[in-house]
Amino acid sequence: MKAGIFTTKSMGYDMILPFHIVPFLANYSSDFICYVEDKFDKGYISLFLHDDPKLIIMHRSPIKFLKTINEFYKKNVFFLDEDGYLDLKWDKEGKLGLALNPDAEYWNL
């Protein structure tokens, strides 16, 4: 899927303009986690907020994303609640996410 017309001004964010954006996870607010590939074929995992349309880098590579999710499960950041629904511990998510991805904007907000 082509990225369409994004500029650093319209996104309010200074980054290399993406060549491809592929949303692959969504929440109930229509925010998306996306795979973003820039014009140099470098891939990132970014958050795209529906009410503030800019890309916020969460992980500097898809591998970093998968390793982070894996650690979240190992450290019980993600868990099943008493009704069997996936839940998370917000404070642990932020601390562990930052420790694993110190160079990504999302974890430094």
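For the structure itself, look to the data block above.
The model shown is predicted, which means the values in this text are computed figures rather than measured ones.

Novice: Just to check I follow, could you spell out unusual backbone geometry for this structure?
Specialist: Negative phi values dominate among residues other than glycine, just as trans dominates among peptide bonds. For Ser 30, which is not glycine, the phi dihedral falls at a positive 70 degrees. Inspection of the secondary structure puts Ser 30 in the loop between β1 (18-26) and β2 (32-38). Of note in this structure, Asp 41 is not a glycine but carries a positive phi near 65 degrees. Relative to the elements of secondary structure, Asp 41 occurs in the loop between β2 and β3 (43-49). Relative accessible area serves as the criterion here: at 59%, Asp 41 is assigned to the exposed category.

Novice: It is not clear to me how the nonpolar core should be interpreted in this structure. Could you clarify?
Specialist: The nonpolar side chains of soluble globular proteins are, as a tendency, buried together. By size, the foremost hydrophobic cluster in this structure holds 14 residues, and its most contacted members are Ile 33, Leu 47, Met 58, Phe 72, Val 77 and Trp 107. When residues of this core are traced back to their parent elements, those giving at least two are β3, β4 (52-59) and α2 (62-74). In contact with Leu 47, not counting residues within four places along its chain, are Phe 32, Ile 33, Lys 54, Leu 55, Ile 56, Met 58 and Tyr 106.

Novice: Teacher, can you tell me more about helix α3 (residues 90-100) here?
Specialist: Count 3.6 residues to each turn of an α-helix, and residues three or four apart come out pointing the same way. Taken as a whole, α3 has its buried residues at Glu 93, Leu 96 and Gly 97. In a view along the axis of α3, the buried residues occupy a sector of 105 degrees, so they form one face of it. Of the exposed residues in α3, those oriented more than 90 degrees away from the buried face are Asp 91, Lys 95 and Ala 99.

Novice: What's the story with α2 in this structure? I'm lost.
Specialist: Helix length check: α2 (13 residues) gives 18 Å between terminal C-alpha atoms against 18 Å at 1.5 Å per residue, within 8%. If you check which residues of α2 are buried, you get Phe 65, Thr 68, Glu 71 and Phe 72. Axial view of α2: buried residues confined to an arc of 130 degrees, hence all on one face. Along α2, the residues that are exposed and aim more than 90 degrees away from the buried face are Ile 63, Leu 66, Lys 67 and Lys 74. Directly after α2, the chain includes Asn 76, whose backbone phi takes a positive value near 60 degrees.

How each quantity is defined
Residues numbered from 1 in each chain as written. Predicted model: local features only at pLDDT ≥ 70, side-chain atom pairs only at ≥ 80, totals over all residues. Heavy atoms only, no water. Helix = DSSP H or I, 4+ residues; strand = E, 2+ residues; numbered from the N terminus. Buried < 20%, exposed > 50% of the residue type's maximum accessible area, 1.4 Å probe, protein only. Core = buried A, V, L, I, M, F, W, Y, C linked by side-chain atoms within 4.5 Å. Contact = heavy atoms within 4.5 Å. Arc of directions from axis to C-beta. Expected span 1.5 Å × (residues − 1).

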